[in-house]
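# Overview (structure and organization)
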Amino acid sequence: LMLLGMALFRWGWLTAQRTPAAYRKLAIVGCGLAIPVIAWGVVLNERGGWEYVQTFFINGQFNYWGSVLMALGYIGLVMLWCLGDALPALRARFAAVGRTAFSCYIAQSLICTLLFYGHGFGLYGRFGYAEQALVVFAIWVLLLFVAPAWLKRYRFGPMEWLWRSLTYWQRQPMRRA
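The text that follows walks through the structure, step by step, so that each part is easy to find.

A few words now on the overall build of the protein. A count of helical and extended segments in the protein gives eight helices and zero strands. Along the protein, from the amino end to the carboxyl end, the secondary structure elements read α-α-α-α-α-α-α-α. Its C-alpha atoms give the protein a radius of gyration of 20 Å, clearly above 16 Å, the size a compact globule of 177 residues would have. With the principal axes as the frame, the protein shows a C-alpha extent of 60 × 50 × 35 Å. The buried share of the protein, taken over its 177 residues, is 25%. Considering only contacts within the protein whose residues lie at least 6 apart along the sequence, 54% involve residues at least 24 apart. Of the charged side chains in the protein, 16 are positive and 5 negative; the average position of the first set lies 20 Å away from that of the second.

Here helix H5 (residues 88–99) contains twelve residues, and its C-alpha end-to-end distance of 16 Å stays within 8% of the 16 Å for a straight helix at 1.5 Å per residue. Of the surrounding elements, those touching the buried residues of H5 are helix H4 (60–83), helix H6 (101–116) and helix H7 (129–153).

Here we take up the packing of H6 against helix H8 (residues 158–168). One way to put it is that H6 packs onto H8 with a least axis distance of 6 Å and a crossing angle of 125°. As far as their axial angle goes, H8 and H6 are oblique. Classified by chirality, the crossing of H8 by H6 is right-handed. Between H6 and H8, the residues in contact are Ala101, Phe102, Ser103 and Ile106 and Pro158, Met159, Glu160 and Trp163, respectively. For the contact of H6 with H8, a count of residues per class yields six nonpolar, one polar and one charged.

Once that is clear, we can look at the nonpolar core. Among the nonpolar cores identified, the biggest contains ten residues, and these are Ala96, Val97, Cys104, Phe116, Val135, Ile139, Leu143, Leu144, Ala147 and Leu151. Not counting residues within four places of it along the chain, the set of residues in contact with leucine 143 comprises Val97, Cys104, Ala107 and Pro148. Core analysis: the next-biggest nonpolar cluster, separate from the first, contains seven residues, Tyr23, Leu26, Leu72 and Met79 among them.

Let us look at H4. Over its 24 residues, H4 extends 35 Å from the first C-alpha to the last, a length consistent with the 34 Å expected when each residue adds 1.5 Å. When H4 is considered as a whole, its buried residues turn out to be Gly66, Val68, Met70, Leu72, Gly73, Ile75, Gly76 and Met79. The elements touched by buried residues of H4 are helix H1 (2–10) and helix H2 (20–47).

So, about the packing of aromatic side chains. The full count for this structure, using the stated rule, is eight aromatic pairs. Each ring, one from tryptophan 13 and one from tyrosine 23, has its centre 5.5 Å from the other, and the planes form 90°; the classification is edge-to-face. Highlighted residues: tryptophan 13 in the loop between H1 and H2 and tyrosine 23 in helix H2, separated in sequence by ten residues. With respect to burial, tryptophan 13 and tyrosine 23 carry one shared label: buried. Look at tyrosine 64 and tryptophan 65: their rings are 4.9 Å apart centre to centre, the planes differ by 90°, and that puts the pair in the edge-to-face class. A connected cluster of aromatic rings, assembled from ring pairs, spans Tyr52, Phe56 and Phe57. The ring of phenylalanine 145 has arginine 93 lying over it, and the distance from NZ or CZ to the ring centre is 4.3 Å.

Calculation rules
- Going along each chain's sequence as written, the residues are numbered from 1 onward.
- Per-residue local features of the predicted model are confined to residues with pLDDT of at least 70, and side-chain atom pairs are confined, for both listing and counting, to 80 or more; whole-chain, interface and lining totals are unaffected and use all residues.
- Side-chain measures here rest on the full set of heavy atoms in the structure, leaving out hydrogens and waters.
- Put simply, DSSP H or I for four residues or longer makes a helix, DSSP E for two residues or longer makes a strand, and each gets a number counted from the N terminus.
- Throughout, the radius of gyration refers to the C-alpha atoms, and the reference size of a globule is 2.2 Å times the residue count to the power 0.38.
- The rule is simple: take the accessible area with a 1.4 Å probe, protein chains only, and divide by the maximum for that residue type; under 20% is buried, over 50% is exposed, in between is partly exposed.
- We call two residues in contact whenever any of their non-hydrogen atoms come within 4.5 Å of each other.
- A residue counts as positive if it is Lys or Arg and as negative if it is Asp or Glu; His and the chain ends are not included.
- For the purpose of locating charges, the reference atoms are NZ of Lys, CZ of Arg, CG of Asp and CD of Glu.
- Expected helix span is taken as 1.5 Å per residue step, with the number of steps being one fewer than the number of residues.
- Axis lines are fitted through C-alpha atoms, for helices just across the contact stretch, and the angle between N-to-C directions can take any value from 0 to 180 degrees.
- With respect to orientation, any angle under 35 degrees is reported as roughly parallel, any angle over 145 as roughly antiparallel, any angle of 65 to 115 as roughly perpendicular, and every other angle as oblique.
- Handedness of each helix crossing follows the sense of rotation of the near helix against the far helix: counterclockwise by less than a right angle gives left-handed, clockwise gives right-handed.
- Gly counts as polar in this scheme, as do all residues outside two lists: the nonpolar Ala, Val, Leu, Ile, Met, Phe, Trp, Tyr, Cys and Pro, and the charged Asp, Glu, Lys and Arg.
- For the purposes of this section, nonpolar cores are sets of buried Ala, Val, Leu, Ile, Met, Phe, Trp, Tyr and Cys residues that join through side-chain atoms within 4.5 Å.
- Paired rings are identified among Phe, Tyr and Trp, the last through its six-membered ring, by centres lying within 6.5 Å, and are further divided according to the angle between planes into stacked (under 30 degrees), edge-to-face (over 60) and tilted (the rest).
- By definition here, charges over rings are those cases where NZ of Lys or CZ of Arg is within 6 Å of the ring centre and within 35 degrees of the ring normal.

Read these as spatial facts, not as claims about activity.
Here's what the structure looks like:
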C-alpha cells in the first residue's frame, strides 16, 4: 500500500495535477466498486455467524481490498475539493495539519495516552463508541486550530524541525523571518 501511495504521488494523483474529470472518475469507480465488495464481505460474515477463521482470514479479504478501492475513491473526492473553491479556510487548516503531520501525530498520541492510560486519567474502557468519536472529533478540531497558529510563527512543527535538524546534522532555522 505504501508503494501504491508513492506511485500515485509520483504520477501526480496526490498533488492535484490531474483533471477534475479524472478525479471524478476515480471517486465514482473507487467508491462504486468498494461499497459492494465490502458489503458482500459483511453478508458472508453474517451468513457464517462471524466465525473467527472465516471472518478474519477469508471474508476479511473483501474488506481489505474494498478498503483499497475506497481509499482511491476518497483520494478522488479530496483532490476534487482541493481543485475547487469550496471552504478555502478549512482547506488551509488541513494543509497546516499536513505540514505538521509528525508533530500532530505525536500530539494526539500524547493526548490519548494522558486520557486513557494509568499514568494519566486512566479512562481506558470507560468510553462508548459515541464518546470515543467525540474525543477523536475534539482532537481534530484542536489540531485544526493549533497547527495554523503554530505555522504563523514557525517554519516547521517541532517534530519536523527536529527530524530535519537530525537529517542534515545541522540545526535548522525554526522561527519565521
